[in-house]
Structure formats: structure tokens, C-alpha cells
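Tertiary structure, described
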Amino acid sequence: MRMPLHCDVAIIGAGTAGMAAYRAASRHTDRLLLVEAAHFGTTCARVGCMPSKLLIAAAAAAHAVCEAPHFGVLAAAPVIDGRAVMQRVRSERDRFVSFVLDAVDGWPEATRLQGRARFTEPGMLDVDGQRIDAKAVVIATGSRPRIPPGWRERLGRRLIVNDDVFDWQDLPRSVAVYGAGVIGLELALALHRLGVRVRLFTRGQDVGPLTDPALQALARDLFGAALPLVLNAGTPEPQLDGDQVLIGGEHFDLLLCAAGREANLDDLGLDTLPALPRDERGRPRVDRHTGQWGTGPLFIAGDVTEDRPLLHEASDAGRIAGDNAARWPKVHRRPRRTPLGVVFSDPQIALAGASHAELTAADIAFDTGRVSFADQGRSRVMRANQGALHVYAECGTGRLLGAEMIGPAAEHLGHLLAWSVQRGDTVQDMLNCPFYHPVVEEGLRTALRQLHSDQHLPDLPLEDCLDCDTQAEAGP
Ligand SMILES: Cc1cc2nc3c(=O)[nH]c(=O)nc-3n(C[C@H](O)[C@H](O)[C@H](O)COP(=O)(O)OP(=O)(O)OC[C@H]3O[C@@H](n4cnc5c(N)ncnc54)[C@H](O)[C@@H]3O)c2cc1C
Ligand SMILES: NC(=O)c1ccc[n+]([C@@H]2O[C@H](COP(=O)([O-])OP(=O)(O)OC[C@H]3O[C@@H](n4cnc5c(N)ncnc54)[C@H](O)[C@@H]3O)[C@@H](O)[C@H]2O)c1
């Protein structure tokens, strides 16, 4: 039996959250252990954010060629060299991963351990036979794709998940995609634009994360026109037919399952610990300002918590958890940022601040400012004049609460809106800011002006407000 390793903080999982936890904890102690079961390099760099955006960039290049004739620029239909597309995706992906690996390699070797960690009792872990005795533990084990029961057994290697896509040597001829959440939507659109025969199936009728019913309906229309989409498919029963997958009466080379993700919590030996608080859906009930789970020296961060599973959130949560694990028992409460989510589809989607669903569920009285991009000047110039933006502000004060949009430049407008929500701006504060011409942001100004006029808030003194009505002063 090997002697246990003793440390102040053990971190399980070397993804974005685990690495942030390691960096934060290392400011307090060098008695650290970072345990990784599979690959160092993070989900984001290896099989998530970065390679998916590389594939989307190739799809955008192909789409631009298809669009060129609409501008009077004649171009032949693009020829997609699938091997070259995937070569660039893999080599750029490897470059991003190498930066992460360089960071990990820069940390003392004695603080890194390869193996699968499980609790055997509070503060005690087993990593493939090596015992670890830790004063505090951070769980940062991420998540994995959810696969309907029986699909793996039935379809074998014809069933794939996002991880598999980015190791392709060439593009396949056809892919059925199941799940129209963020991953399904981004990958299905990219593959479709790269000439792969795609059909996107979704269990219900929602496409992407928009919660505003009018915008969700618009998303269904826009994406239904952009690619073959089957709504309300339930949970289909795909079959293997020769070397093809048969789903919805159609054959495909592959079935890409993008039906959400499951937290990597089940194989951690948590049953050896005193009961930990969970919500009604079984998710960890965590104080997101401390990262503490329960009352002892146990912290948890990143996608494993199923709370805003995004890169910047995993990084923030990891930092808070690692810092507090090392400070234990002196736990500090830290602020969190305003929610911001972006989908890199075309058109893009953004959610900033509180969503329509959250405002409605919380029974908050809010007004909505709306703009359609169909006739928005700059959007039309670019032939990107699709979609709409809804901005939500508190009744009575005009304080900006949140926004949802599908349309051009959503990744940028989403940032402006999230920053304004976080600052506590009112609609008037935003209208007081400069808007250049001609830019997509002018669409935001239209929505804000409509919201301001609908809210019937008293005008500010004229010396404080350039936009305020001068009628009263001017007289009849
Ligand atoms: C296809 C895709 C695209 C995405 N695109 C974006 C995007 O554009 N923008 C964005 O903000 N977010 C995006 N995300 C989400 C983002 O990648 C995640 O939020 C982030 O990577 C989560 O980091 P994490 O540290 O929680 O988990 P991970 O990075 O997954 O790290 C968890 C680690 O824990 C390890 N582990 C698990 N169990 C154990 C164990 N028992 N012992 C030891 N180690 C263990 C795993 O091997 C893994 O390395 C995307 C995700 C996917 C899948
Ligand atoms: N651009 C980005 O920032 C980006 C890109 C990709 C992923 N991500 C992050 O990764 C997370 C995971 O992405 P995702 O697409 O896996 O999740 P998701 O929550 O966005 O979508 C999951 C989809 O699967 C469906 N679904 C859920 N349970 C199902 C079941 N049992 N059977 C069939 N369908 C089911 C849902 O209805 C939904 O359409 C996202 O929530 C997002 O936070 C972000």
C-alpha cells in the first residue's frame, strides 16, 4: 500500500475551472494537487469553444462565396476541400491546446497527477490506487454528452459526439444531428454550409436558448429556412442499416448526438461523504459566491455544477472555489458577473442579463423594447437583415434588466447590453451614449427609444439629456 500524499488543496479535473482553481489556490500554498483523469488541455480548447469556432469560420468563408453574387460579385459555387478544412481545424486547435499544455507544464510536476479521482471518505481521495489526504477539495470535473439509452449499443461508431468531429480527417457526406441546443445548432449549420448533407432533429420545438416566445418563433423560422430542420421529433429510434444510420426515414453516414450534457458527478464516490445539498433536479446546490458545496471544506466549480456552463463562468467559478479552498475555513464571498450567452450561429443569438423566462418566472414588472433587423440600415447593407432584438427594462425606473436577440452582430450587442445591465444603466443612460452611423447598434437605439417612449418616464432636465423632447420648451 502506497503512503498517502498530503496536501492543502486537491483539485479534481484540469479543465478551465480546475486550472483557474489551481492558479488561485497556488497564491496561498504550494501544497497542491491537480488530478486529471483523461487529457490535460481543457474541453474548451480540445473539443469545445475553439475547434467549433474554427469549423464555423470555415463555414462562414464558404457562405460568403455563395453570397457574393448578391452583391454583383460573380463567383463560382465554392469547392469545399474537406481534408483542407479539417486540417486547418485540427492544426489551429492543436495550437490552442499547446498553449494550455505549456501552462500546465510550467507548474511543478509534483503538483500534477494523472488518474481518476474518487472520494473514499471526507478529505480522502483515491487516484488509481494512490491515496490523497487533502484539507480541502475542489470538484471541477466538467460534463459529458448525454446520449439516449441504447443508441451507443445500437449504432456503435456511427454515433458521434462533438469530441469526435474535431478529429475528422475529412468531412463526411451526411450527418443527422440530434438536439438543437447550442452545440447542435452551431455544428449543424456549420456542416450544412460546408456542403455536408445535414438534417437537424429536435426533441421538442425549441431551437437554441432564446426564451422570449416571439424570438423563439423567429429562430424556428430563420433556422428552418437555413437548413433542414425537424421539430418535435421526440426521441427517435435510429437504426444501423448496413454502414448507414437510418433516422426519420433517411440514411446518414453519422448521427451526431447533441442532446445536452450530464455532469461528471456520478463516479466520484460522493456516497462516502455526508449528504450534500441538491436541488429538485439533483444538481448541486452551491453558493455561487463562495463555490462551497455543503458546510465543510468541499468546493465545486464549472460545468459540473450545471450552472451557466460557459467558459468565462467556469473560469470565474474555478478561481473563487480554488481561492476559498486554500483559505479554508476563512471563506470569502465574491461577486459574479451579469449573465451573457452567445451562440455562433448565423444569425447569431445573444442573451444578456435576465432572460424573458427568468423575468416572467420572478413576476417582475418589465416593459419590452423591440426592433426588427429586416429594415435596419447597416444590416441591410451587409445583407444580414434578419432577426430581432428585445430589450427588457423595469417598469417605473427604466432600469435595464436584460435582453435577448437573434440577428447580426449579436456577439457584440450582447456585450454592450450585459455591460449596461451590470452597471445598472437605465434606458436613458444608454440613449445618452453616442451611436455612430451607419452601424447595427442603431437598431439597439431604435429598441431603446421605443422602450423609453412606452415607459412614460418623466423627461430629464434638458441640460442632462440631448434626446429629451423639446416640444414643451419650444411652445406651439
Ligand atoms: C462543442 C462545445 C462548444 C463550446 N463552445 C463554447 C463557447 O463558444 N463559449 C463558451 O463560453 N463556452 C463554450 N462551451 C462550454 C465550455 O467549453 C465549458 O463551459 C468549459 O469548458 C467548462 O470547463 P470545466 O472546467 O467545467 O470542464 P472541462 O474543461 O470539461 O474539465 C473537466 C475535466 O475534469 C476531468 N475529470 C472528470 N472526472 C474526473 C475524475 N473523476 N478525476 C479526475 N479528472 C476528472 C475531465 O477529464 C476534464 O478534463 C462549449 C462546449 C462544447 C462542448
Ligand atoms: N457558443 C457558446 O457559447 C457555446 C457553444 C456550445 C456549447 N456551449 C455551452 O455548452 C452547453 C451545452 O450545450 P448543449 O448543446 O449540449 O446543451 P443545450 O442545453 O444548449 O441544448 C441541449 C438540447 O438537447 C435537448 N435535450 C435535453 N435533454 C434531452 C433528452 N433527454 N433527449 C433529447 N433531447 C434533449 C434540449 O431540448 C436542447 O435542445 C450549453 O448550454 C452552452 O452553455 C456554449
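Residues numbered from 1 in each chain as written. Chains lettered and ligands numbered in written order. Predicted model: local features only at pLDDT ≥ 70, side-chain atom pairs only at ≥ 80, totals over all residues. Heavy atoms only, no water.

**A word on the sheet that holds strand β13 (residues 244–247)**
For clarity, the threshold we go by: Pairing between two strands requires that DSSP report at least two bridges joining them. Segments assigned H or I by DSSP are reported as helices when at least four residues long, segments assigned E as strands when at least two residues long, and all are numbered from the N terminus. Axes here refer to lines fitted to C-alpha atoms; in helices the fit is confined to the stretch in contact. Angles between the N-to-C directions go from 0 to 180 degrees.
Strand order across the open sheet formed by three strands is β12-β13-β14, with antiparallel pairing between neighbours. Looking at the sheet topology across the chains shown, the edges are occupied by β12 (239–241) and β14 (250–252). Averaged over all neighbouring strand pairs, the angle between strand axes comes to 40 degrees, with direction disregarded.

**Re the site of ligand 1**
Under the convention used in this document: Near residues are defined by distance, with any heavy atom within 4 Å of the molecule or strand qualifying the residue. Within 3.5 Å is the distance limit for a polar contact, defined as a pair of N or O atoms, with the added protein rule that one can donate a hydrogen and the other accept it, and that residues adjacent in sequence qualify only through two side-chain atoms. For the accessible areas, the method is Shrake-Rupley and the probe is 1.4 Å, while residue cover comes only from the protein chains on display. Gly falls in the polar group here, along with every residue not listed as nonpolar (Ala, Val, Leu, Ile, Met, Phe, Trp, Tyr, Cys, Pro) or charged (Asp, Glu, Lys, Arg).
Near ligand 1, the surroundings consist of 35 residues, among which A17, E36, T43, K53 and D303 are the closest. Within the contact set of ligand 1, an oxygen atom lies 2.8 Å away from a backbone nitrogen or oxygen of A17. E36 has a polar side-chain atom sitting 2.5 Å from an oxygen atom of ligand 1. For ligand 1, whose accessible area on its own is 1000 Å², the fraction buried by protein is 90%. At the level of secondary structure, the elements contributing two or more residues to the shell around ligand 1 comprise α1 (16–25), β2 (32–36), α2 (43–47), α3 (49–67) and α9 (311–327). The residue makeup of the shell around ligand 1, split by class, is 18 nonpolar, 12 polar and five charged.

**A short note on the sheet that holds strand β8 (residues 159–160)**
Strand pairing in a sheet is mediated by backbone hydrogen bonds. Such pairs are either parallel or antiparallel. Note the cut-off: Any two residues whose heavy atoms approach within 4.5 Å at even a single point are treated as in contact.
The parallel open sheet is built from five strands, whose spatial order is β8-β15-β9-β10-β11. Each edge of the sheet is formed by a strand with only one pairing partner; in this case those strands are β8 and β11 (229–230). Across four bridges, the pairing between strand β9 (residues 174–178) and strand β15 (residues 254–257) is parallel. By the bridge assignment for β15, V175 is matched with L254. Most of the contacts of helix α7 (residues 182–193) go to strand β10 (residues 197–201), to which it runs at about 160 degrees, and overall it touches β9, β10 and β15.

**What to know about the site of ligand 2**
Our working definition: Either an automatic procedure or a domain database provided the assignment from which the domain bounds are taken.
In the vicinity of ligand 2 there are 17 residues, among which R146, I183, E186, P309 and V342 approach most closely. Here an oxygen atom of ligand 2 and a backbone polar atom of I183 are 2.9 Å apart. The contact in question runs from a nitrogen atom of ligand 2 to an N or O atom on the side chain of E186, over 2.8 Å. In the complex, 72% of the free accessible area of ligand 2, which totals 840 Å², lies under the protein chains. With three residues, α7 is the largest single contributor of residues to the shell around ligand 2. Here the shell around ligand 2 spans two domains, since at least three of its residues come from each of domain 1 (5–145 + 262–327) and domain 2 (151–259).

**Points about the UniProt feature "domain: FAD/NAD(P)-binding" (unreviewed entry) in the protein**
Definition in use: UniProt positions are given in the numbering used here, feature names are shortened, and annotations may be inferred rather than shown by experiment.
Here, the residues flagged by UniProt with the feature "domain: FAD/NAD(P)-binding" (unreviewed entry) are residues 8–318. A helix fraction of 32% and a strand fraction of 22% characterise residues 8–318, whose end C-alpha atoms lie 16 Å from each other.

**Focus: α9**
Our working definition: In this analysis, the expected span of each helix is defined as 1.5 Å times one less than the number of residues it contains.
Relative to the 24 Å expected for 17 residues at 1.5 Å per residue, α9 spans 24 Å between its end C-alpha atoms, a close match to the ideal helical length. Structurally, α9 contributes buried residues whose contacts are with β1 (5–12), α1, β6 (130–139) and β17 (298–300).

**Points about the domain arrangement of the protein**
Inclusion rule: Take the accessible area each of two parts loses on contact, using a 1.4 Å probe, and add the two losses: that sum is the buried area. Salt bridge criterion: a side-chain nitrogen from Lys or Arg within 4 Å of a carboxyl oxygen from Asp or Glu.
Domain annotation of the protein identifies domain 1 (5–145 + 262–327), domain 2 (151–259) and domain 3 (340–474). Spacing between the C-alpha centres of domain 1 and domain 3 amounts to 34 Å. Residue-level contacts link eight residues of domain 1 with seven residues of domain 3. Of the roughly 560 Å² buried between domain 1 and domain 3 on both sides combined, carbon and sulfur atoms contribute 56%. Per-residue buried area on domain 1 facing domain 3 is highest for K53, H70 and F71; these three make up 47% of the total on that side. The interface formed by domain 1 and domain 3 includes one salt bridge. E67 is the partner of R383 in a salt bridge, and the nearest nitrogen-oxygen pair spans 2.6 Å. Taken together, domain 1 and domain 3 are joined by two residue pairs in polar contact (both at pLDDT 80 or more). When grouped by side-chain class, the residues that make up the side of domain 1 that touches domain 3 number three nonpolar, three polar and two charged.

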